[in-house]
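Structure at a glance
Here is how the chains run, residue by residue.
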Protein chains: 2
Amino acid sequence: MAPHVVPGRELPTHVTIYEVGPRDGLQNEDVALTAEIKVEFIRRLLAAGLPIVEATSFVHPRWVPQLADAAEVMAQLSAEAEVLPVLVPNERGLERAVELGVRHIAVFGSATETFARRNLNRSLDEQFAMFEPVVTAAADRGISVRAYVSMCFGDPWEGGVPVEQVVAVGRRLVDLGASQLSLGDTIGVGTPGQVTALLDAFNAQGLPDSALAMHFHDTYGQALANAYAALQHGITTFDASAGGLGGCPYAESATGNLATEDLVWMLHGLGIETGVDLDALVGTSRWMAGQLGRPAPSRVVAALTK
Amino acid sequence: MAPHVVPGRELPTHVTIYEVGPRDGLQNEDVALTAEIKVEFIRRLLAAGLPIVEATSFVHPRWVPQLADAAEVMAQLSAEAEVLPVLVPNERGLERAVELGVRHIAVFGSATETFARRNLNRSLDEQFAMFEPVVTAAADRGISVRAYVSMCFGDPWEGGVPVEQVVAVGRRLVDLGASQLSLGDTIGVGTPGQVTALLDAFNAQGLPDSALAMHFHDTYGQALANAYAALQHGITTFDASAGGLGGCPYAESATGNLATEDLVWMLHGLGIETGVDLDALVGTSRWMAGQLGRPAPSRVVAALTK
């Protein structure tokens, strides 16, 4: 089943979905999966038409044990490496990734002091010193760098986050050499006015929507409304997680990535091309839900599973 | 916890939430509740600041056994009847409701031939003949009539629904005497372009946004994005169901009313007044979830239940 198409006003004709399920999704799932399952998952996502899939993370297994098999996964995907960025925390991670054929990396920054200290064990300022050698070494090798800016719309410890602070962090990451920023509502509290205001502020600092991606979590049910606001603003790259992996809507610990299927339903309904075959994607998420032993959080997956 | 407020552009300063949980929510729940529980639920919703609560339905118990106690519920709520509309199918239902002090009724129409036949056992045209005596009798008693138009954005049997057909049905209901139309995406398939186009078409037929309410279901995860599109268009009345009652997001039979809490989170984040005390509402939905023996589908309720 496909949505009925009625185009929106002044919206883009094409959107790039940056699939984060294998990395941001699976790193938050408790069930242990084999490298073979992960490789099959990534291949099925590509076959469903997703143009770019963040495949894994070279963060130390102590911090992300779910993705301890990053090298094993990437070794099996060398033919597809051009469209499989990976998260790397430091130069050592970069070296390991490059040896496996990786051409695009992502670094994970914080917009807030508290989250920088808790997640990176560094101050807000010190994180740039941490990223600088990675980004420089990547540039030397012709490898592109995407930078996540997390906690853009709220922080569990600090509450609201000043827009100027988010823009300053993003600006410094671009000045270091990042070619794209992914602005994350990591705890899912943002609403559409915040999205519009943040994008306005980035534009005013010389960063156009074309240099930005939006990364929404659906913890408070706001992800798709926020995506629509960003789309109206001019954003054409959206992060999403197949099936809504990484967030279980009925668990107390819900983190709730925006489900790729729910985003695709809206975009296709708006007449916006994504290249994604929705039925193939739903089939992939259903298969992964079977591997994880629970239904996918995506509402579209649930609705089409009858 | 409350959302961080950043107003949207050219949005209303106040929105009226028309709470449908006790009727549209509970009529789709399998668990039997006593009339006392329903009365307490309605009183708690009013105490949480909801200005209007559709309390029950006087449809024959054969069709909606969950609400067979409509008279018992309303008999206990005579003091609050002014803000408690009820659904009535015919003149007999109207008489019973009026005897119990009801001042506002709702009738349930269909935008499609197939749903009219399945739900009302009448043709699309014949439904108006069914409503006419009810609406006339209500008008004679100074009782206001809201008319639901269901299947506005898609129909399980017919697929897409022509905009002209939806507008024609709505227009006839207003001509009969309805003072407000509630335009329903009964199966939750609509996307924001459809919302905008439908509202444009109603406006072109002389029905301004002030005469319209939107009623979204979240079956495909689109409800809040659609609400945001409607809000931008000029709609200021939205139907929603406390806790997302009436739709279980992880059941195959998900029908998925838009959760009042998720709507309130967005509206308050946009700086729009609703009069609703979110914490009191979440507490009410948690209590009702306990009565039903399962978590509330609302993401805000889940996020604030930690």
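Residues numbered from 1 in each chain as written. Chains lettered and ligands numbered in written order. Predicted model: local features only at pLDDT ≥ 70, side-chain atom pairs only at ≥ 80, totals over all residues. Heavy atoms only, no water.

On to helix α5 (residues 113-120) of chain A. All names here are of chain A. Regarding α5, the residues found buried are Phe-115, Ala-116 and Leu-120. Buried residues along α5 cover an arc of 105 degrees about the axis, so they all sit on one side. Residues of α5 that are buried sit in contact with β5 (104-110), α6 (126-140) and β6 (144-150). Positioned one or two residues after α5, Asn-121 has a phi angle of 60 degrees, which is positive. (Buried < 20%, exposed > 50% of the residue type's maximum accessible area, 1.4 Å probe, protein only. Helix = DSSP H or I, 4+ residues; strand = E, 2+ residues; numbered from the N terminus. Arc of directions from axis to C-beta. Contact = heavy atoms within 4.5 Å.)

All names here are of chain B. Within the fold, Glu-82 resides in the loop between α3 (70-75) and β4 (86-87). Owing to a relative accessible area of 47%, Glu-82 belongs among the partly exposed residues under this scheme. For the pair formed by Glu-82 and Asp-218, sequence separation is 136 residues and the distance between their alpha carbons is 29 Å. Every residue in contact with Glu-82, bar those within four places of it in the chain, is listed here: Arg-103 and His-104. Looking at Glu-82, its side chain comes within polar contact range of the side chain of His-104, at 3.1 Å. (Polar contact = N/O pair within 3.5 Å; in protein donor to acceptor, adjacent residues only side chain to side chain.)

As a further point, take the packing of helix α8 (residues 192-204) of chain B against helix α9 (residues 223-233) of chain B. Residues and elements named next belong to chain B. With their axes 8 Å apart at the nearest point, α8 and α9 run at an angle of 35 degrees to one another. When you trace α8 past α9, the crossing you get is right-handed. Every residue of α9 that contacts α8 at Pro-192, Val-195, Thr-196, Leu-199, Asp-200 and Asn-203 is listed here: Ala-225, Asn-226, Ala-229, Ala-230 and His-233. The residue makeup of the contact of α8 with α9, split by class, is six nonpolar, four polar and one charged. (Axes fitted to C-alpha atoms, helices over the stretch in contact; angles between N-to-C directions. Left-handed = near helix turned anticlockwise from the far one by under 90°. Nonpolar A, V, L, I, M, F, W, Y, C, P; charged D, E, K, R; others polar.)

Screw-axis analysis of chain A against chain B gives a translation of 0.0 Å along the axis, an RMSD of 0.0 Å, and a rotation angle of 180 degrees. What the superposition gives is, in effect, a two-fold axis relating one chain to the other. For chain A, the minimum C-alpha distance to the rotation axis belongs to Ala-225 of chain A and amounts to 1.9 Å. With an isologous cut-off of 70% or more, the 100% of interface residues of chain A that recur at the interface of chain B puts this contact in the isologous class. (Least-squares fit on C-alpha atoms with pLDDT ≥ 70 in both.)

Take the pattern of salt bridges next. Taken as a whole and assessed by the stated rule, the structure comprises 26 salt bridges over all chains. The partner of Arg-294 of chain B in a salt bridge is Glu-29 of chain B, with the nearest N and O atoms 2.6 Å apart. Of this pair, Arg-294 of chain B sits in the loop between α11 (278-292) and α12 (299-303) while Glu-29 of chain B sits in the loop between α1 (21-25) and α2 (35-47), placing them 265 residues apart in sequence. Accessibility expressed as a relative area gives 7% for Glu-29 of chain B, which makes it buried. Counted as one network, the salt bridges with shared partners bring together Arg-23, Asp-24 and Glu-54 of chain A. (Salt bridge = Lys/Arg side-chain N within 4 Å of Asp/Glu carboxyl O.)

A separate point is the sheet that holds strand β1 (residues 16-19) of chain B. Residues and elements named next belong to chain B. Taken together, the nine strands give an open sheet; going across it, the order is β2-β1-β9-β8-β7-β6-β5-β4-β3, and neighbouring strands pair in parallel fashion. Pairing within the sheet leaves two strands with one partner each, and these edge strands are β2 (52-53) and β3 (56-57). Note: strand β7 (residues 180-185) against strand β8 (residues 212-216), five bridges, orientation parallel. In the sheet register, Asp-185 faces β8, and the bridge partner there is Phe-216. (Pairing = 2+ DSSP bridges.)

With 43 residues of chain A in contact, the opposing surface of chain B contributes 43 residues. Counting across the chain A and chain B interface gives four salt bridges. Note that Asp-218 of chain A is salt-bridged to Arg-299 of chain B, the shortest N-O span being 2.5 Å. If you list the elements that add at least two residues to the side of chain A that touches chain B, you get α8 (192-204), α9 (223-233), α10 (260-269) and α12 (299-303) of chain A.

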